[in-house]
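# Structural features, examined
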Amino acid sequence: MTQPPFVSIEQLSVDFRTRNGIVRALDKVELSIKKGETLGIVGESGSGKSVTAYTLIGLLDAAGRVAGGSAMFDGMTMTGASESQLRDLRGREISMIFQNPRGALNPIRPVGKQIEDVLLRHARASRQNARAKAIEMLQQVRIVEPEKRYWSFPFELSGGMCQRVMIAIALACDPRLLIADEPTTGLDVTTQKATMDLIRDLTRERNMAVILITHDLGMAAAYADRIIVMQQGQVVETADVKTLFTRPAHDYTKKLIAASPGPYSELDDLTAVTNGPADAKRPRRVSAADPGQQAAAAANKFLLEVIDLVKEYPHRQKQGWQWPWSKPDDADSGFRAVDGISFQIKRGESLGLVGESGCGKSTTSSIIARLLDPTSGDIIFNGQNLTTFRADQFAHQPQRSLIQMVFQDPTESLNPRYTALDAIAEPLKRLKKITAATEIKQRVEKMADLVGLPQHLLTRFPHQLSGGQKARVGIARAIAVDPLLLILDEPTSALDVSVQAVVLQLLDQLKTELGMSYLFVSHDLNVVRLLCERVIVMNRGKIVEQGLADEVLRNPKQEYTRILVDSIPHFEPDNL
Amino acid sequence: MKRFLNHFFYVMSENPVTVFAFSLFILIILTALFGPWLAPYDPLATQAANALQPPSLQHWFGTDHLGRDVFSRVIVATRLDLGIALSAVALSFFIGSALGSAAGFWGGWTDRIIGRLSDTIMAFPLFVLAMGIVSALGNSVENIIYATAIINLPFYARVARAETNVRRNAGYVMAARLSGSSDLRILATQVFPNCLPPMMVQISLNMGWAILNAAGLSFIGLGVRPPDAEWGIMVAEGATYIVSGEWWLALFPGAALMLAVFCFNLIGDGLRDLVDPLRRT
Amino acid sequence: MPDQLLQIGRRLLQAVPSVIGIVIISFALTRALPGDPAVYFAGAMADEESIAEVRQALGLDRSLVEQFFIYVSNLLQGDLGLSLNTGLPVLEELLTRLPASLELTFTGLGLAVLIAVPLGMLAATRPGSWIDHLCRVLVTAGVSLPTFFTGLFLIYIFYFLLGWAPSPLGRLDILYLPPPHVTGFYLIDSLLAGDSETFWAALRQLVLPAFTLGLFALAPIARMTRASMLSALGSEYVRTARANGLSHRKVLFTYAFRNAALPLLTTLGMVFSFLLGANVLVEKVFAWPGIGLFAIEALVASDYAAVQGFVLSMALLFVVVNLMIDLLLTLIDPRVSMSD
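Residues numbered from 1 in each chain as written. Chains lettered and ligands numbered in written order. Predicted model: local features only at pLDDT ≥ 70, side-chain atom pairs only at ≥ 80, totals over all residues. Heavy atoms only, no water.

## What about the overall build of chain B?
Formally: The way it works is that DSSP assigns letters per residue, a run of H or I at least four long becomes a helix, a run of E at least two long becomes a strand, and they are numbered from the N terminus. Burial classes: relative accessible area under 20% of the type maximum marks a residue as buried, over 50% as exposed, and values in between as partly exposed (1.4 Å probe, protein chains only). Computed with a 1.4 Å probe, the accessible areas rest on the Shrake-Rupley method; for each residue, only the protein chains presented here act as cover.
The helix and strand inventory of chain B stands at 10 helices and zero strands. Its C-alpha atoms give chain B principal-axis dimensions of about 75 × 45 × 30 Å. Among the 281 residues that make up chain B, the fraction classed as buried is 57%. About 11,400 Å² of surface is accessible on chain B, with carbon and sulfur atoms providing 69% of the total.

Written out as structure tokens, the structure is:
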């Protein structure tokens, strides 16, 4: 007799009631997990990967309904179980950790108490020893001073610490299956790795099965044994990691793998599957840094020169009570978001600005875009010192059109009441002083062609456009006034990988065609590398390392850069 | 516009209550506009012989202690009640939203001064403050309007401030800066239009409250003077007769008042759905 | 713990600007009278001499700044002026009537909370059910009801038609003597005196006006309970609690309700402010001898010192209530102490 699989989902279909009628979120999903195995479920947003997990533990929201098939856990049918049966299983046999750990913890209950709640609920502790056990759990997830942290509230802990607490809660009752739903989204890259390593170590020790839900193929490759790829509610491919990466069977998988930038991938590789084999590669941009060309560039003046830039914010109010008129001590005069950085960008060059959140990279880019005033320092752009103008007056300067910016979130950066045409036309009207409606329309249509936005979409409002289309509108708006420098502030971080690939290629192509310089701000070295010849790595407002992109990525000189590079999970065939 | 109408009809078909509220709203507006021509009797004509008659075919809502036709008085009063509320809300909307969006957009000192001002008004129980203002400025209809406007001011200022504040660093505002727009232009063309929908909801919910406030003030004898027809004062006049069983004097004006307020509240809820289906509570 | 004491101290200090603002506005109101304030404060029956006397007493012949400091120093001594109606100090008049108003307001608020909070919670846990619809209807109807109108019709039904309620005239039927004064709350004082007969009589008088106020306060409380419970139940931390199999009770009360109670408490402050206003109307309808009725009588008689004293004391009362709510929030919500 063959033993039934530990977890098996068969022909599972789930429907959701929405305003536009019933939508099928899962369509005949099949999967199984063995004891102690880690299964990665990978897919882009809306692929149904989370719904699968929620259905398994019976946490579908009210609008969702199982339309067919079944989910079994250790011989028990989960899809037909009563709420009280499921409640007994949750936390004890199956537990779950979520993205955005700070939001996932009760904000007004000490974290230790929250661990206790689970222990007491599943009778893993008595009132007498619950606290001791909770503290022990905190210790196991490597939280220092667990006795003190027991009384902490989530808002007093960092995101990474909160995720550790979540892990402690999830593992408190020694469950046999852990579902991790995008467990590192929203955490800093270096924290991501530590968190994932912790999850791997703890679950291995306990021989637990893990379902790792992620949009990041690299992450699944690094931590899963087997991967399921989902697309639009269906499982398109199931394979072990090595097979999946070396011999992907399904076109969608191939596309995803190609689109995920790794340390060695080229820009053309990203869409190689859709556009055919990338044998006719364009010359690598590294050539821009050829000695010959470098000499030529040096003859030309720098487009942008940033000298000793500092941005200081007044110190946050001190903890505890103080007199309203008392001033903060002069000793700690303020928090330096940007702490004396200098760099240059040559004409036609692309520079990457890389670092974790809070390192000052976005502040730097806002100052260069003249949306923010620096505390001190100079910005020499096109031979002129821009810091002589105040940020709120810069809008009226002729240089305004020469520095433009593409924003992080394409949705948030478009006015919901403006059509795509209005949005692209706005800078033309204000900066180019074009008033004739026909001329504006002509110009906008030209821009749309340039960024590959079909002209019939120009009359649409942002909510009627897809993420990729919105990104194109944002780019068209920025390049409409012929800037010399385009600042890209994490332009692809809100996009799915396949869209990211296309947008990156578009940006590269525009650069060549229009001869702009880029300042590309990102947390992801692998992405920056694709577009930029040179990178600057920032940490705590200072420049840690700079150099040629490939050089820095493959051969980091500084410890911090090395950690940053190592933290980005990716598929490494040699490690298997 | 067409898109808006489609959405409007969609929300309407979803929610029959809103349809009812909008029809009622139109009815109230028509009554306010054409009240004097609709009323069957002169609302001020006394007829001592006919005093305190219960509702009948001649006098649908009965007659009051001076023999005046209650139905006519209720109809005619619509204009005055609505007029007071509308002027008060309009005043506080214009001043409040201007102050509030300035505070939310520029922050800093502007924000602190305006915030302190609205906090101070809010530190009073508002109806009580209105009583104080009317007693200080003098007992007249205009002063009822000013008092109601002042006590509503902080609500508009707060909504406008909050809505502007969340948008002032939105990507599209940054983009407008990069497009060479000045602060004032950004506030007027990018930020404020996006704040309007939530403000509309506030206006509608506030209208009901403003009507109640004005009626409450005249109920305790402020503002409108006796022979004039106004719902609050009619209820006050009828109150004396409740204990002896002449219920119609107070019921009909009170019911009219209630219906009007109810209508504005329903529209407020409906608008909320129209504006933002997600915020539906 | 000393941390929390510091927090409490800080909250207390934060009330100072409010109080200053209130005093300034009250002062402005007393000086905003058209024409000569002295004429108004002296009353309709005053002759030249008494007007001059009042002018001197109020310091109206001096600069506004000086007048303000005289006003403040009078306030600090508890001097709110004399009531023209009764000839007694306004402060004394207000203090003797305050317990009647507070007894009514707190009973009304208590009734509203007892009904509205469970109703809102039920509605939030069963969205779309009949109780949810009932809650919606009650909420919208409740905010549309003019308090004076509800009061009148409760009288019509329960006094005139059914004869269950006593005649709506004051706190106690004339047949009874008020209980010996301890707190000024008749319900409490009569119980302290062991006089159950007076207790029941006082209660019978209190039921209708308190219910009128309660109906008025019900709507905003139920609405806020429902909304904040819905958002708490839809939150990520409740999802976590459910994913860990915590019991329904634990999820509902320890996780959802405790979080939902925070915005609810803030709303209660607002509701209390509205109740202080509605109180005036209800006191008029039920001839309840509280400060609201006193203020109306003063308004009608153009007794300005009394009206402004009333406005000022209501505002100060509201500040105290808000302060207590803030302190409560500081104790419940660990985040409050950290933010600004």
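## A closer look at the packing of aromatic side chains
The description of an aromatic ring pair uses the distance of the two centres, along with the angle that the planes make with each other. The condition that has to hold: Pairs were defined over the aromatic rings of Phe, Tyr and Trp, the Trp ring being its six-membered one, requiring ring centres within 6.5 Å. Orientation was assigned from the angle between planes: stacked under 30 degrees, edge-to-face over 60, tilted for the rest.
Under the criterion given, the structure shown has 22 aromatic pairs over all chains. With 6.0 Å between their ring centres and 45° between their planes, A:Phe389 and A:Phe394 make a pair best called tilted. Owing to a relative accessible area of 18%, A:Phe389 belongs among the buried residues under this scheme. With a centroid separation of 5.8 Å and 25° between ring planes, the pair formed by C:Phe106 and C:Phe272 is classed as stacked. Residue C:Phe106 is located in helix H5 (residues 90-125), and its partner C:Phe272 is located in helix H11 (residues 248-285); the two are separated by 166 residues in the primary sequence. Residue classification places C:Phe106 among the partly exposed residues on the basis of a relative accessible area of 40%. Every member of this aromatic cluster is reached through a ring pair, and the members are C:Phe27, C:Phe68, C:Phe69 and C:Tyr71.

## A closer look at the nonpolar core
Put simply, the rule is: Here, the term nonpolar core denotes a set of buried Ala, Val, Leu, Ile, Met, Phe, Trp, Tyr and Cys residues that are joined through side-chain atoms within 4.5 Å. By definition in these notes, contact holds between two residues if any of their heavy atoms fall within 4.5 Å.
Counting 249 residues, the largest nonpolar core has A:Leu177, A:Ile179, B:Ile220 and C:Phe310 as the members making the most contacts within it. Looking at which element gives the most residues to this core, the answer is H11(C), with 17 residues. If sequence neighbours within four positions are ignored, B:Ile220 has contacts with B:Phe127, B:Met131, C:Val280, C:Leu281, C:Lys284, C:Ile296, C:Leu299 and C:Val300. Membership of the second largest hydrophobic core comes to 75 residues, among which are A:Val189, A:Val241, A:Ala478 and A:Leu564.

## Topic: the pattern of salt bridges
All names here are of chain A. As a reminder, the rule being used: A side-chain nitrogen of Lys or Arg and a carboxyl oxygen of Asp or Glu constitute a salt bridge if their distance falls within 4 Å.
Summed over all chains, the structure comprises 47 salt bridges over all chains. The salt bridge involving Arg 554 is made with Asp 550; its shortest N-O contact spans 3.7 Å. Of this pair, Arg 554 and Asp 550 both sit in helix H20 (residues 549-554), four residues apart, which is roughly one turn of the helix. On the accessibility criterion, Arg 554 (38% relative accessible area) is partly exposed.

## Examining the interface of chain B and chain C
Quoted interface sizes are often the accessible area lost when the parts come together. Let me state the cut-off plainly: Two parts lose some accessible area (1.4 Å probe) when they are put together, and adding that loss for both gives the buried area. N or O atoms within 3.5 Å of each other form a polar contact, as long as, within protein, one can give a hydrogen and the other can take it, and as long as residues adjacent in sequence are counted only when both atoms are side-chain atoms.
Facing 45 residues of chain B, the contacting portion of chain C comprises 50 residues. Of the roughly 4,000 Å² buried between chain B and chain C on both sides combined, carbon and sulfur atoms contribute 78%. At the boundary of chain B with chain C, the tally comes to zero salt bridges. Counting the contacts that link chain B with chain C gives three residue pairs in polar contact (both at pLDDT 80 or more).

## Remarks on a nonpolar patch on the surface
How we decide: Residues forming no salt bridge and having over 30% relative accessible area are the ones grouped into patches, like charges within 9 Å of each other and nonpolar side chains (Val, Leu, Ile, Met, Phe, Trp, Tyr) within 5 Å.
Together, B:Ile26, B:Ile29, B:Leu30, B:Leu33, B:Phe34, B:Trp37 and B:Leu38 make up a nonpolar patch on the protein surface, roughly 740 Å² of accessible area in all. Mapped onto the fold, B:Leu30 is located in helix H2 (residues 16-38).

## Focus on the interface of chain A and chain B
In this assembly, 25 residues from chain A lie in contact with 22 residues from chain B. Between chain A and chain B lies a buried interface of about 2,000 Å² when both sides are counted; carbon and sulfur atoms form 54% of it. Linking chain A to chain B there are eight residue pairs in polar contact (both at pLDDT 80 or more). Elements represented by at least two residues in the side of chain A that touches chain B include exactly strand S16 (403-406) and helix H15 (420-431) of chain A.

## Some remarks on the sheet that holds strand S1 (residues 7-18) of chain A
Residue and element names in this part refer to chain A. To be explicit about the condition: Pairs of strands are assigned from DSSP output, requiring at least two bridges between the strands.
Here we have four strands laid out as an open sheet, ordered S2-S1-S4-S5, and antiparallel in their pairing. Two strands close off the open sheet at either side, each with one partner strand: strand S2 (21-33) and strand S5 (76-77). Here strand S4 (residues 64-73) runs beside S5; their pairing, made up of two bridges, is antiparallel. When the sheet's bridge partners are listed, Met 72 is paired in S5 with Thr 77.

## What to know about a negative patch on the surface
Residues and elements named next belong to chain C. In plain terms, the rule: Only four residue types enter the charge count, namely Lys and Arg as positive and Asp and Glu as negative; His and the chain termini do not. To locate a charge, the coordinates of NZ of Lys, CZ of Arg, CG of Asp or CD of Glu are taken.
Taken together, the side chains of Asp 47, Glu 48, Glu 49 and Glu 53 define an acidic patch exposed on the protein surface. Structurally, Asp 47 is set in the loop between helix H2 (37-42) and helix H3 (48-58). Residue Asp 47 is classed as partly exposed on the basis of its relative accessible area of 47%.

## Observations concerning unusual backbone geometry
The phi torsion of most residues other than glycine is negative, and most of the peptide bonds are trans. All names here are of chain A. For Ala 123, which is not a glycine, the phi torsion comes out positive at approximately 55°. Assignment of secondary structure puts Ala 123 in the loop between helix H4 (111-121) and helix H5 (130-140). Not every positive phi belongs to a glycine, and Arg 540 is a case in point at roughly 50°. Considering the arrangement of structural elements, one finds Arg 540 in the loop between strand S19 (534-539) and strand S20 (542-548).

## So, the pairing of strand S6 (residues 94-97) of chain A
Residue and element names in this part refer to chain A. Burial of the side chains of S6 extends over both faces: Ile 94 and Met 96 are buried on one face and Ser 95 and Ile 97 on the other. Where S6 meets strand S7 (residues 177-181), four bridges bridge the pair, whose relative direction is parallel. Its bridge partner lying in S7, Ile 94 is registered against Leu 177.

## A look at empty space enclosed by the protein
Note the following rule: In this analysis the probe radius is 1.4 Å and the grid spacing 1 Å, with only protein atoms considered; a cavity is a set of points the probe fits into but cannot get out of, a pocket is an open set with protein on both sides within 12 Å along at least five of seven lines, and lining residues have an atom within 4 Å of a point. Grid points are joined across faces, edges and corners, and a volume is the space filled by probe spheres set on the points. In this count, Pro and Cys sit with the nonpolar residues alongside Ala, Val, Leu, Ile, Met, Phe, Trp and Tyr, while Asp, Glu, Lys and Arg are called charged and the others, Gly among them, polar.
What the rule picks out here adds up to seven cavities of 30 Å³ or more. In this structure, the largest cavity encloses a volume near 80 Å³. A:Met405, A:Val406, A:Phe407, A:Pro410, A:Ser413, A:Ala471, A:Gly474, A:Ile475, A:Arg477, A:Pro491 and A:Val503 together form the lining of the largest cavity. Elements with a contribution of two residues or more to the lining of the largest cavity: S16 and helix H17 (467-479) of chain A. Of the residues forming the lining of the largest cavity, the biggest block, four residues, is contributed by H17(A). The class makeup of the residues in the lining of the largest cavity is eight nonpolar, two polar and one charged. Looking at the second largest cavity, its volume works out to about 70 Å³. In terms of lining, the second largest cavity is formed by A:Ser413, A:Leu414, A:Asn415, A:Tyr418, A:Ala423, A:Glu426, A:Arg477, B:Tyr172, B:Ala175, B:Ala176, B:Ser179 and B:Gln190. Broken down by secondary-structure element, the contributors of at least two residues to the lining of the second largest cavity are H15 of chain A together with helix H7 (171-178) of chain B. The biggest single contributor to the lining of the second largest cavity is H7(B), with three residues. Residue composition of the lining of the second largest cavity, by class: six nonpolar, four polar and two charged.

## Remarks on the pairing of strand S17 (residues 485-489) of chain A
Residue and element names in this part refer to chain A. Put simply, the rule is: Note on handedness: a crossover is taken as right-handed if, strands pointing away from the viewer, the path from the first strand over the helix to the second is clockwise.
For S17, the buried fraction is high: five of the five residues fall into the buried class. Pairing analysis gives four bridges linking S16 to S17, with the strands arranged parallel. When the sheet's bridge partners are listed, Ile 403 is paired in S17 with Leu 485. Alignment of S17 against strand S18 (residues 517-522), held across five bridges, turns out to be parallel. If you follow Asp 489 over to S18, its bridge partner there is Val 521. Handedness of the crossover is the feature at issue here: the chain leaves S17, passes through helix H18 (residues 497-514), returns alongside S18, and the resulting connection is right-handed.

## Observations concerning the domain arrangement of chain A
Residue and element names in this part refer to chain A. Counted only if it meets this: These domain limits were set by an automatic method or by a database of domain assignments.
What the domain assignment lists for chain A is domain 1 (7-259) and domain 2 (303-314 + 334-571). Of note, the centres of domain 1 and domain 2, computed from C-alpha atoms alone, are 35 Å apart. If you look at the interface, domain 1 gives 18 residues, while domain 2 gives 15 residues. With both sides pooled, the region where domain 1 packs onto domain 2 buries about 1,500 Å², and carbon together with sulfur makes up 64% of that total. Here domain 1 and domain 2 share zero salt bridges between them.

## Structural notes on the sheet that holds S16(A)
Sheet strands line up and pair through hydrogen bonds in the backbone, either parallel or antiparallel. Residue and element names in this part refer to chain A. To keep things clear, this is the line we draw: Between N-to-C directions, angles span 0 to 180 degrees; the directions come from axes that are lines fitted to C-alpha atoms, helices contributing only their stretch in contact.
Reading across from one edge, S16-S17-S18-S13-S19-S20 is the order of the six strands in this open sheet, with mixed pairing throughout. One side of each edge strand has no neighbouring strand; the edge strands of this open sheet are S16 and S20. For this sheet, the mean angle separating the axes of adjacent strands, direction not counted, is 20°. With respect to the sheet, helix H21 (residues 559-567) is in contact with strand S13 (350-354), S19 and S20, its orientation differing from that of S19 by roughly 100°.

## Quick word on the packing of helix H3 (residues 70-106) of chain B against helix H9 (residues 231-242) of chain B
Residues and elements named next belong to chain B. Going by this rule: Small angles under 35 degrees read as roughly parallel and large ones over 145 as roughly antiparallel, with 65 to 115 read as roughly perpendicular and the rest as oblique.
As a packed pair, H3 and H9 sit with axes 9 Å apart at the nearest point and diverge in direction by 140°. With respect to each other, H3 and H9 are oriented oblique. Residues Val 70, Arg 73, Val 74, Ala 77, Thr 78 and Asp 81 of H3 form the contact with H9, whose own contacting residues are Trp 231, Met 234 and Glu 237. In terms of residue class, the contact of H3 with H9 is made up of five nonpolar, one polar and three charged.

## A word on the environment of C:Ala116
Residues and elements named next belong to chain C. As for its placement among the helices and strands, Ala 116 is situated in helix H5. Put simply, Ala 116 and Ala 217 are 101 residues apart on the chain and 8.7 Å apart in space, counted from C-alpha to C-alpha. If near-sequence neighbours (up to four positions away) are discounted, Ala 116 is found in contact with Leu 218, Ile 221, Ala 222 and Thr 225.

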